[in-house]
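Take a look at the letters that make up each chain.
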Amino acid sequence: ALRWGDVAAATTMAAAFRPTVVLGTDVGYDPSSHDALVATLAACCRPAAAALVLVEEARFRDVHAWFLEALEAAGFALRERADLGGKIE
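No experiment lies behind these values; they were computed from the predicted model shown.

(A) Region of the structure containing the overall build of the protein. Counting its secondary structure elements, the protein contains 3 helices and 2 strands. Taken from N to C terminus, the helices and strands of the protein fall in the order α-β-α-β-α. Computed over its C-alpha atoms, the radius of gyration of the protein comes to 13 Å, within 12% of the 12 Å expected for a compact globule of 89 residues. Its C-alpha atoms put the protein at 40 × 25 × 25 Å along the principal axes. Taken across its 89 residues, the protein has 27% of its residues classed as buried.

This is how it looks when you write it as structure tokens:
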């Protein structure tokens, strides 16, 4: 398992496997983990310019917005968003 915030391990993994896609599902729910998570995702995507695909349940509008802001601050750009009609508080 790759621990969020372990950028050295994420960099080593990415250099060894050179992923073209990094997939995360329901990972942005905890605001206290956003910095570590985003740093890890950035390290995983860097060597091969991998695409980052996230599938998130936006439970709370502010937490989801904070996660998107952290991703943007790390250089990620939102290219597509699909709203499946769930209620966000």
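Continuing now.
(B) The arrangement of the nonpolar core in detail. V22, L37, V38, L41, F67 and L71 are the most contacted members of the largest nonpolar core, which totals 13 residues. Elements with a minimum of two residues in this core: α2 (34–45) and α3 (61–73). In terms of residues, this core owes the most to one element, α2, which gives 6 residues. Ignoring sequence-local partners within four residues, the contact set of L37 consists of W4, V27, G28 and F67.

(C) Just the pairing of strand β1 (residues 21–25), in detail. Residues of β1 alternate between two faces, with V22 and G24 buried on one and V21, L23 and T25 left unburied on the opposite face. In this sheet, strand β2 (residues 51–55) lies alongside β1 in parallel orientation, the contact comprising 5 bridges. Note that in β2 the partner of V21 across the bridge is A51. Handedness of the crossover joining β1 and β2 through α2: right-handed.

(D) Structural context of the packing of helix α1 (residues 7–17) against α2. The contact between α1 and α2 brings their axes to 7 Å, and the two run at 20 degrees. Judged on the interaxial angle alone, α2 and α1 are roughly parallel. Helix-helix and strand crossings are classified by hand; for α1 and α2 the assignment is right-handed. In this structure, α1 contributes V7, A10, T11, M13 and A14 to the contact, and α2 contributes A39, T40, A43 and C44. In terms of residue class, the contact of α1 with α2 is made up of 7 nonpolar, 2 polar and no charged.

(E) Just the side chain of H34, in detail. Within the secondary structure, H34 sits in helix α2. Looking at H34, the relative accessible area reads 4%, which means it is buried. One polar contact links the side chain of H34 to the main-chain carbonyl oxygen of G28, over a distance of 2.9 Å. Those residues in contact with H34 that sit more than four places away from it in its chain are G28, V63, W66, F67 and A70.

Basis of the calculations
- Along each chain, the written sequence defines residue order, and numbers are assigned to residues from 1.
- With the structure being a predicted model, the display of local features is reserved for residues of pLDDT at least 70 and the display and counting of side-chain atom pairs for 80 or more, all residues being used for whole-chain, interface and lining totals.
- The basis for the side-chain values is all heavy atoms of the structure; hydrogens and waters are excluded.
- Think of it this way: any DSSP run of H or I at least four residues long counts as a helix, any run of E at least two long counts as a strand, and we number them from the N terminus.
- Only C-alpha atoms enter the radius of gyration, while the globule expectation follows 2.2 Å times N to the 0.38, with N the number of residues.
- Only protein chains enter the accessibility calculation, which uses a 1.4 Å probe; a residue whose area is less than 20% of its type maximum is buried, one above 50% is exposed, and one in between is partly exposed.
- Residues belong to one nonpolar core when they are buried, are Ala, Val, Leu, Ile, Met, Phe, Trp, Tyr or Cys, and are joined through side-chain atoms within 4.5 Å.
- Between two residues, a contact is recorded if the distance between any of their heavy atoms is within 4.5 Å.
- Following DSSP output, two strands are said to pair if at least two bridges run between them.
- By the criterion used throughout, a crossover qualifies as right-handed when its path from the first strand across the helix to the second strand runs clockwise, the strands pointing away from the viewer.
- Axis lines are fitted through C-alpha atoms, for helices just across the contact stretch, and the angle between N-to-C directions can take any value from 0 to 180 degrees.
- For classification purposes, angles smaller than 35 degrees are called roughly parallel, those larger than 145 roughly antiparallel, those between 65 and 115 roughly perpendicular, and all remaining angles oblique.
- Each crossing gets its hand from how the near helix is turned against the far one by less than a right angle, where anticlockwise is left-handed and clockwise is right-handed.
- Under the scheme applied, nonpolar residues are Ala, Val, Leu, Ile, Met, Phe, Trp, Tyr, Cys and Pro; charged residues are Asp, Glu, Lys and Arg; polar residues are all the others, including Gly.
- Under the rule applied, a polar contact is a pair of N or O atoms within 3.5 Å (in protein, one hydrogen donor and one hydrogen acceptor; residues adjacent in sequence only if both atoms are side-chain atoms).

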